[in-house]
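# Structural overview
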Protein chains: 2
Amino acid sequence: MTRSIEFWFEFGSTYSYLTAMRIEDAAAARGVAVHWRPFLLGPVFTAQGWDTSPFNIYKAKGEYMWRDMARRATRYGLPFRRLPESGPGAFPQNGLMAARMALIGLNEGWGEDFTRKVYSAEFAHGKDIADAGLLERLAVMAGAGPDVLARAQAQSNKDRLKANVEEAFRLGIFGAPSFIVNGELYWGDDRLEDALDAAVA
Amino acid sequence: MTRSIEFWFEFGSTYSYLTAMRIEDAAAARGVAVHWRPFLLGPVFTAQGWDTSPFNIYKAKGEYMWRDMARRATRYGLPFRRLPESGPGAFPQNGLMAARMALIGLNEGWGEDFTRKVYSAEFAHGKDIADAGLLERLAVMAGAGPDVLARAQAQSNKDRLKANVEEAFRLGIFGAPSFIVNGELYWGDDRLEDALDAAVA
């Protein structure tokens with residue numbers, strides 16, 4: 001019987017923020033271990049013919065997403081701000097460097113705290129997480145060594161992230177957050193409880 | 001204080017089936033009145049540049065939808081079958097005539113039962129709801145007079161459905177099921193409880 005869940009997240013994803021901030025408590029309440037899996041939605045979107053988030057392409061859906069996010073954040077007691085449509089910090093933000101750093105951190109025990117710090121910077125404070133200096137400070141605060149930026153940029157680490165993206169494709173993942181439990185895919189922050197329940201069924 | 005909810009549904013929509021079968025009980029438990037609003041997603045999809053359901057265009061998302069629907073139907077104790085990709089009864093089915101009949105029925109007290117009968121024919125039994133004869137039988141079983149097909153095809157009734165579609169656009173509706181409570185839009189069967197809670201807040 002599996003008592004673990006894979007949590008696939010993209011740093012630019014609004015709904016991934018909700019899950020990142022609450023998954024540990026929700027999983028611990030059921031005795032489920034969380035395996036954090038950063039990946040990138042960009043290649044997924046490109047494969048579907050999109051050059052940005054579908055929330056930007058489909059305006060009515062995008063407007064709804066921001067409203068729904070605000071309501072969900074209120075429900076969970078999380079701060080949340082809508083990101084601008086253009087200029088610095090515009091949605092969707094580039095989560096490439098954050099994902100590379102998170103991969104290192106998740107191997108070294110500081111990755112989960114780093115991930116939450118990045119999401120807070122982005123969606124609670126509106127900062128641009130493509131800023132390598134910001135990410136470096138957040139990583140060091142979470143417990144990283146001072147060489148984290150260089151290590152994130154090492155070819156072997158870049159390749160690890162690429163492998164995650166390829167695995168996401170193989171798993172049929174098309175959005176974030178996604179969860180894998182016993183080979184079953186669950187998509188969306190609003191399926192977190194279903195996925196956790198499946199892990200203990 | 002509003003204690004009512006608008007339930008916008010499309011007969012070809014899988015997730016609308018889930019809601020149609022359970023909304024009356026869920027709303028009654030909270031003392032909320034349900035205003036059933038049939039509309040068509042076709043014009044919404046056309047406006048977004050799609051010639052079919054996005055579940056057919058985006059394969060990974062479509063595969064997930066059928067799996068998610070099966071799990072959700074099990075949770076609700078509802079029968080459910082995946083529709084074929086082509087041929088008679090293929091997904092998405094054409095809900096135009098069903099929506100026209102439902103409009104009449106919702107004015108005459110048999111529309112809710114008719115709507116549930118149509119969804120059951122489609123998603124529990126795999127029948128093609130574009131079949132006017134099938135719809136006529138279901139409508140008469142639900143309480144319609146024998147002239148229901150002709151009345152559904154009257155220009156004034158066609159115009160009423162068109163007006164519903166235009167109202168859906170104005171409300172920012174981009175998918176089904178959708179709910180309107182106090183001017184707020186909620187999208188998806190998995191937002192039904194949120195919407196009902198908002199109606200009694």
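I will try to describe carefully the structure that is included in this document. (Residues numbered from 1 in each chain as written. Chains lettered and ligands numbered in written order. Predicted model: local features only at pLDDT ≥ 70, side-chain atom pairs only at ≥ 80, totals over all residues. Heavy atoms only, no water.)

## Considering the sheet that holds strand β4 (residues 184–187) of chain B
All names here are of chain B. The strand order across the open sheet formed by four strands is β2-β1-β3-β4, and the pairing between neighbours is mixed. Edge positions in the open sheet fall to β2 (33–38) and β4, since each of these has one partner strand only. Recorded for the sheet is a direction-independent mean angle of 25° between the axes of neighbouring strands. In the sheet, strand β1 (residues 4–9) pairs with strand β3 (residues 178–181) via three bridges, with the strands oriented antiparallel. Paired with F7 across the two strands is F179, which belongs to β3. Against the sheet, helix α10 (residues 192–200) makes contact with β1, β3 and β4, and its axis sits at roughly 10° relative to β3, the strand it touches most. (Pairing = 2+ DSSP bridges. Helix = DSSP H or I, 4+ residues; strand = E, 2+ residues; numbered from the N terminus. Axes fitted to C-alpha atoms, helices over the stretch in contact; angles between N-to-C directions. Contact = heavy atoms within 4.5 Å.)

## Overview of the packing of aromatic side chains
Each pair of aromatic rings is reported with the distance of its centres and the angle of its planes. Scanning all chains against the criterion turns up 48 aromatic pairs over all chains. Here the aromatic rings of F7 of chain A and W36 of chain A are separated by 5.2 Å at their centres, their planes lie at 70°, and the arrangement is edge-to-face. Residue F7 of chain A is located in strand β1 (residues 4–9), and its partner W36 of chain A is located in strand β2 (residues 33–38); the two are separated by 29 residues in the primary sequence. When sorted by exposure, F7 of chain A lands in the same class as W36 of chain A, which is buried. Centre to centre, the rings of F174 of chain B and W187 of chain B are 4.8 Å apart; their planes meet at 55°, and the pair counts as tilted. With a gap of 13 residues between them, F174 of chain B in the loop between α9 (155–170) and β3 and W187 of chain B in strand β4 connect regions that are remote in the sequence. Above the face of the Y186 of chain B ring, R71 of chain A is positioned so that its terminal group lies 3.8 Å from the ring centre. (Phe/Tyr/Trp six-rings, centres within 6.5 Å; stacked < 30°, edge-to-face > 60°. Buried < 20%, exposed > 50% of the residue type's maximum accessible area, 1.4 Å probe, protein only. Lys NZ or Arg CZ within 6 Å of the ring centre and 35° of its normal.)

## Digging into the pairing of β1 of chain A
Successive residues of a regular strand alternate their side chains across the two faces of the sheet. Residues and elements named next belong to chain A. Bridging between β1 and β2 involves six bridges; their strand directions are parallel. Looking at β2, one finds that E6 is bridged to H35. The parallel pair β1 and β2 is bridged by helix α1 (residues 14–28), and the resulting crossover is right-handed. (Right-handed = clockwise from strand over helix to strand, strands pointing away.)

## Some words on the relation of the copies chain B and chain A
For the pair chain B and chain A, the best superposition has an RMSD of 0.0 Å and corresponds to a rotation of 180° with a translation of 0.0 Å parallel to the axis. Such a combination of turn and shift is consistent with a two-fold rotation axis. Closest approach to the rotation axis within chain B is made by the C-alpha atom of D190 of chain B, at a distance of 3.8 Å. The share of interface residues of chain B whose copies in chain A are also at the interface is 100%, consistent with both copies meeting through the same surface. (Least-squares fit on C-alpha atoms with pLDDT ≥ 70 in both.)

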